Amino acid sequence: MKKKSIFHYYSKFSKRILSTRFLNKLGFDKNIIENTIKHNDFVNEFGKIFYQEDFSCKKVAEIFILIFQKEYKKDFPVWNTEEWIRYIYGYILSKSFKEAVQVQLNPVLNRYCDFYLRLLKIFNEFEKDLNTGSFISKYPLHFLTDTEKSELEYSEEYLKFITAFEEEFIYELMKLNKEITGFNTLDHICGVHFLTLYIARQIKSKNISVDLGRVSGSAAGHDIGKFGCKGEELKRVPYLHYYYTDQWFLKHGIHYIRNIALNHSTWDLELENLPLESLILIYCDFRVKNKDGTSSMNIYSLKDSFDIILNKLDNLDEAKEKRYKKVYSKLVDFEMFLKTSGIVVDPLEETEPK
């Protein structure tokens, strides 16, 4: 079933989780953790994750609880998996959008949250390495290669973005949010990032000037602001997330990628002289949508996406429909430019969900 054995992943997992530097930083006894993960009960649960192809936050929470429930009873809460992932979601959210947190955080639990997040990061990497059939496994979010990074004109800003993305556990934030709320923003981000880089790399290969760092960073970060919305704002996420996305990038001093990430609305096509990186993001963002009436993400053709979005537009009247068709025509022109330049825009037809 797998090209690599479970033993391969278990060995890799053990090395990462038993890092002396990591455990000392959190104040955990390495011998206790090592004995726990070598126990048959833990090994069996570890194996189930691969046999069942279940890399969910909840499943990771189960083995997280297994590690600490016996030896750390003094300050380890007796919570179920749902309680833990909701609390840890609040803990991560506090790193990016403190005012949106809805749980009371206890500093005593920080080290447990950090341990869980290391677990989740490890299993997320495994999930990307395996084709489990999930959307995020089919279209894994991988940042630029070291060679591509070294060729960037603004490499420092892209590296700054990746550092902020990793240190604030944005990928883990999106994955936890999906399991808690059912909104699959993570799937959308993975699809958009995959498609933008696929197209942008081809454009670059044609000796057309394009900044892959801005393409990758804006695709991965264009919807970060959705997680900053709170209370009554949650009813207007499609409109308000631009503001919080802007705040997140400004906080980290990331300006060029920010400019691309903010201008990802179809209506931004009404502006003149948008950079190529913006056109790529708008085009790909337009094509990665949920199937009608479901929370199943898909990469659609430009025409199919047009029909889906037209049916979802708020306050649609004749004037707005005319306006929408006008900006859509710019996407058609852009796609024609790509195709006539020898760019493949539908590379995943054989693997896309039908």
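These numbers were taken from a predicted model, which means no experiment stands behind them. Numbering of residues begins from 1 in every chain and follows the order in which that chain's sequence is written. In keeping with the model being predicted, local features are shown solely for residues with a pLDDT of at least 70 and side-chain atom pairs are shown and tallied solely at 80 or more, while totals for entire chains, interfaces and linings include all residues. For side-chain calculations, the full set of non-hydrogen atoms in the structure is used, while hydrogens and water are omitted.

1. Details of the overall build of the protein
- Each helix corresponds to a stretch of at least 4 residues labelled H or I by DSSP, and each strand to a stretch of at least 2 residues labelled E; elements are numbered beginning at the N terminus. A count of helical and extended segments in the protein gives 18 helices and 2 strands.
- Summarising its shape, the C-alpha atoms of the protein cover approximately 65 × 45 × 40 Å along the three principal directions.
- The long-range share in the protein, meaning contacts at least 24 apart out of those at least 6 apart in sequence, stands at 66%.
- Using a 1.4 Å probe, accessible areas were evaluated by the Shrake-Rupley method; residue-level cover was limited to the displayed protein chains. A total accessible area of about 17600 Å² is found for the protein, and carbon and sulfur atoms account for 49% of it. When checking whether two residues touch, look at their non-hydrogen atoms; a contact exists if any pair is within 4.5 Å.

2. Quick word on the environment of Y256
- By secondary structure assignment, the location of Y256 is in helix α15 (residues 256–262).
- Working definition: with a 1.4 Å probe on protein chains only, accessible area under 20% of the residue-type maximum means buried, over 50% means exposed, and in between means partly exposed. Classification of Y256 by relative accessible area gives partly exposed; the value is 41%.
- Taking the C-alpha atoms as reference points, Y256 and F68, separated by 188 residues in sequence, lie 44 Å from one another.
- Setting aside anything within four residues of it in sequence, one finds Y256 in contact with Y154, E157 and R214.

3. Remarks on the packing of aromatic side chains
- Pairing of aromatic rings covers Phe, Tyr and Trp, the last through its six-membered ring, and needs centres within 6.5 Å; plane angles under 30 degrees mean stacked, over 60 mean edge-to-face, and all others mean tilted. Counted under the stated rule, the structure contains 49 aromatic pairs.
- With centroids separated by 6.3 Å and ring planes inclined at 80°, the aromatic side chains of F143 and Y158 adopt a geometry described as edge-to-face. In this pair, F143 is assigned in the loop between α8 (135–138) and α9 (146–150) and Y158 in helix α10 (residues 155–167), connecting sequence segments 15 residues apart.
- A relative accessible area of 17% means that F143 is categorised as buried.

4. Some thoughts on the pattern of salt bridges
- Salt bridges are defined as contacts in which a side-chain nitrogen from Lys or Arg sits within 4 Å of a carboxyl oxygen from Asp or Glu. Taken as a whole and judged by the stated rule, the model has 23 salt bridges.
- With its nearest N and O atoms 2.8 Å apart, the salt bridge here joins R201 to E148. With R201 in helix α12 (residues 185–205) and E148 in helix α9, the pair connects residues that are 53 residues apart, well separated along the chain.
- Across the pair D211 and R214 runs a salt bridge, and its minimum N-O distance is 3.9 Å.

5. A closer look at the layout of surface pockets
- In this structure, the largest pocket spans a volume of roughly 1800 Å³.
- Those elements that provide at least two residues to the lining of the largest pocket are α6 (81–96), α11 (170–181), α12, α14 (237–251), α16 (276–287), β1 (288–290), α17 (302–310) and α18 (318–340).
- The element that contributes the greatest number of residues to the lining of the largest pocket is α14, accounting for 5 residues.
- Classifying every residue of the lining of the largest pocket gives 22 nonpolar, 14 polar and 8 charged.
- In this analysis a 1.4 Å probe is tested at points of a 1 Å grid over the protein atoms alone, and where it fits but cannot get out there is a cavity; an open set with protein on both sides within 12 Å along at least five of seven lines is a pocket; lining residues have an atom within 4 Å of a point. Grid points are joined across faces, edges and corners, and a volume is the space filled by probe spheres set on the points. Approximately 270 Å³ is the volume found for the second largest pocket.
- What lines the second largest pocket is simply R16, F22, K25, L26, D114, L117, R118, K121 and F169.
- Within the residue set of the lining of the second largest pocket, elements represented by two or more residues are α2 (20–26) and α7 (110–129).
- Top element by residues in the lining of the second largest pocket is α7. It accounts for 4 residues.
- Three categories are distinguished: nonpolar for Ala, Val, Leu, Ile, Met, Phe, Trp, Tyr, Cys and Pro, charged for Asp, Glu, Lys and Arg, and polar for the others, with Gly belonging to the last. By residue class, the composition of the lining of the second largest pocket is 4 nonpolar, no polar and 5 charged.

6. Side note on the nonpolar core
- Nine residue types can take part in a nonpolar core, namely buried Ala, Val, Leu, Ile, Met, Phe, Trp, Tyr and Cys, and a core is a set of them joined through side-chain atoms within 4.5 Å. Core analysis: the largest hydrophobic core is formed by 116 residues, its most contacted members being F13, F115, Y116 and F123.
- A total of 10 residues in this core trace back to one element, the largest contributor, which is α7.
- Beyond its immediate stretch of four places on either side in the chain, Y116 contacts C57, V60, A61, F64, I85, I88 and L176.

7. Here we look at the environment of F143
- Placed 77 residues apart in sequence, F143 and A220 show a C-alpha to C-alpha distance of 8.9 Å.
- Those residues in contact with F143, other than ones at most four positions away along the chain, are Y158, F161, I162, F165, E166, H193, R201, S216 and A220.

8. What about unusual backbone geometry?
- Unusually for a residue other than glycine, F169 sits at a positive phi of about 50°.
- Note on placement: F169 falls in the loop between α10 and α11.
- For F169, a relative accessible area of 14% corresponds to the buried category.

9. Brief notes about empty space enclosed by the protein
- Following the criterion strictly, the structure yields 1 cavity of 30 Å³ or more and no others.
- Its volume calculated, the largest cavity comes out at about 40 Å³.
- As for the largest cavity, its lining consists of Y154, E157, Y158, D211, G213, R214 and I257.
- At the level of secondary structure, the elements contributing two or more residues to the lining of the largest cavity comprise α10 and α13 (212–221).

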